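Coordinate inspection notes
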Amino acid sequence: MATKSRSTKKAPSKGNKAEMLKYYRDMLLIRRFEEKAGQLYGMGKIAGFCHLYIGQEAVVTGMQACLKEGDQIITGYRDHGHMLACDMDPKGVMAELTGRIGGYSRGKGGSMHMFSKEKNFYGGHGIVGAQVPIGTGLGFANKYRGTDNVAVAYFGDGAANQGQVYEAFNMASLWDLPVVYVIENNMYAMGTSVARHASETELYKRGISFEIEGEEVDGMDVMAVRTAGEKAVKYARSGKGPYILEMKTYRYRGHSMSDPAKYRKREEVDDIRSHHDPIEGLKTQLLEQGHASEDELKDIDKEIKGIVKEAADFSLESPEPDPSELWTDVLKDVEVA
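Quick look at the structure, then. From a predicted model like this one, the values you see are computed outputs, not experimental measurements.

Ranked by internal contacts, the top residues of the largest apolar core, which has 64 residues, are M63, V180 and L245. If you tally residues by element for this core, the top one is helix α1 (residues 17-42), at 11 residues. Beyond its immediate stretch of four places on either side in the chain, M63 contacts V152, Y154, V180, V182, V225, G229, V233, L245 and M247. Membership of the second largest hydrophobic core comes to 21 residues, among which are I74, A153, A172 and L177.

Right under this line is the structure:
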């Protein structure tokens, strides 16, 4: 049955120097990348929808640390951070945002629609909640093929109210599928607070009627995420079935770049930034535990900014796709004799 985790209560995070420095770099790459994406959008270099992940970096970074080669991830449209976390090339991601041929979907997918078979990233998906049954299907495929791979399906607090989510829960539980459902609860869905759009605001309990274990996690603490993620992934990989992790996190920007986020007070956002920022929190731990100096962390930031600048330059220098690309990757009717 679903049980409430204590991981939302602050406790000393444990991790060795190499692990913590890696998580710091990974979260910083996502943060700097998203900041640059926001700048390019403001300059008119990125068109269409663009949903930034700023503030939520600890969730995907901590979860990715729990996975092995062959495990799959799938998510919704706030997906740039997930791509970077699974080691997709920042150049290819940024080039897709700017609609260039060097992008992961050759400039045809944009922010919400990228895919990498090599990295087992099964896409960002523009339809709210649509990735959950697909992620469940990945888990079914793993069990059918007799592998020990686990599928991780990310979705938000808004998508948690979608009917297809519960159909997926039911099948995953019936067949003990190796799926970890990660609810990235950033408190506001597309602009409505959880208290206003959900009758049950403790979303980790949503699996109770399907006999799916659930746990609430401090999604602003990468080490807490990793600890909970290891437990959930081990549970699913061992054949016990699906697991739900509700990550209590927070996005600093609006739902998308077109959202001014007037439904919350600036003081609220500033308070989270000041006291719960995942990157600053890990930075403090690195300094206090003697794993790094201020100068060393500044050097990491400088290096990351260089990587992001290189990605942005590539994205603007890469040619636009030829019009003939409109006719590629299109599923056509096939005559059956």
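A few words on the packing of aromatic side chains. With the rule as written, the count across this model stands at 12 aromatic pairs. Measuring from centroid to centroid gives 5.6 Å for Y188 and Y263, while their planes differ by 35 degrees, and the two rings are tilted. With Y188 in the loop between β3 (179-185) and α7 (194-197) and Y263 in the loop between β5 (243-248) and α9 (266-276), this pair connects stretches of sequence that are 75 residues apart. You can call Y263 partly exposed: its relative accessible area is 28%. Here K91 stacks its cationic end above the ring of F314, 5.9 Å away from the centre of that ring.

Between helix α4 (residues 90-97) and helix α11 (residues 294-317), whose axes approach to 8 Å, the crossing angle comes to 45 degrees. Taken together, the axis directions place α4 and α11 in an arrangement best described as oblique. Handedness of the α4/α11 crossing: right-handed. Between α4, through P90, K91, M94 and A95, and α11, the contact on the second element is made entirely by I307, E310, A311, A312, F314 and S315. Of the residues that constitute the contact of α4 with α11, the class distribution is 7 nonpolar, 1 polar and 2 charged.

Sheet strands pair via backbone hydrogen bonds, and the direction of the pair is either parallel or antiparallel. The 5 strands lie next to each other as β1-β2-β3-β5-β4, forming an open sheet whose pairing is parallel. Each edge of the open sheet is held by one strand with a lone partner, namely β1 (72-74) and β4 (213-218). Shown here is a sheet whose adjacent strand axes are inclined to one another by a mean of 20 degrees, direction ignored. In this structure, β4 lies alongside β5, joined through 6 bridges in parallel fashion. Considered in β5, the bridge of V217 is made with M247.

Criteria and thresholds
- Residue numbers run consecutively from 1 along every chain, following the written order of its sequence.
- Residue-level local features of this predicted model are given only where pLDDT is at least 70; pairs of side-chain atoms are given and counted only at 80 or more, and the full residue set underlies all totals for whole chains, interfaces and linings.
- For side-chain calculations, the full set of non-hydrogen atoms in the structure is used, while hydrogens and water are omitted.
- Nonpolar cores are built from buried Ala, Val, Leu, Ile, Met, Phe, Trp, Tyr and Cys residues. Side-chain atoms within 4.5 Å join them into one set.
- Accessible area is worked out with a 1.4 Å probe on protein chains only. A residue is then buried under 20% of its type maximum, exposed over 50%, and partly exposed in between.
- Each helix is a run of H or I in the DSSP string that is no shorter than four residues. Each strand is a run of E no shorter than two, and both are numbered from the N terminus.
- Two residues form a contact once any of their heavy atoms are found within 4.5 Å.
- Here a pair means two rings of Phe, Tyr or Trp (six-membered ring of Trp) with centres within 6.5 Å. Their orientation is stacked below 30 degrees between planes, edge-to-face above 60, and tilted elsewhere.
- Over a ring means this: the NZ of a Lys or the CZ of an Arg is within 6 Å of the ring centre and within 35 degrees of the ring normal.
- As a rule, the C-alpha atoms of each element are fitted with a line to give its axis, helices using only the stretch in contact, and angles between N-to-C directions run from 0 to 180 degrees.
- Angles are sorted into four bins: roughly parallel if under 35 degrees, roughly antiparallel if over 145, roughly perpendicular if 65 to 115, and oblique for all others.
- Left-handed describes a crossing whose near helix is turned anticlockwise from the far helix by less than a right angle; the clockwise case is right-handed.
- Side-chain classes are defined by residue name, with Ala, Val, Leu, Ile, Met, Phe, Trp, Tyr, Cys and Pro counting as nonpolar, Asp, Glu, Lys and Arg as charged, and the others, Gly among them, as polar.
- Between any two strands, pairing holds if DSSP finds at least two bridges.

Limitation: the analysis is restricted to geometry and does not speak to function.
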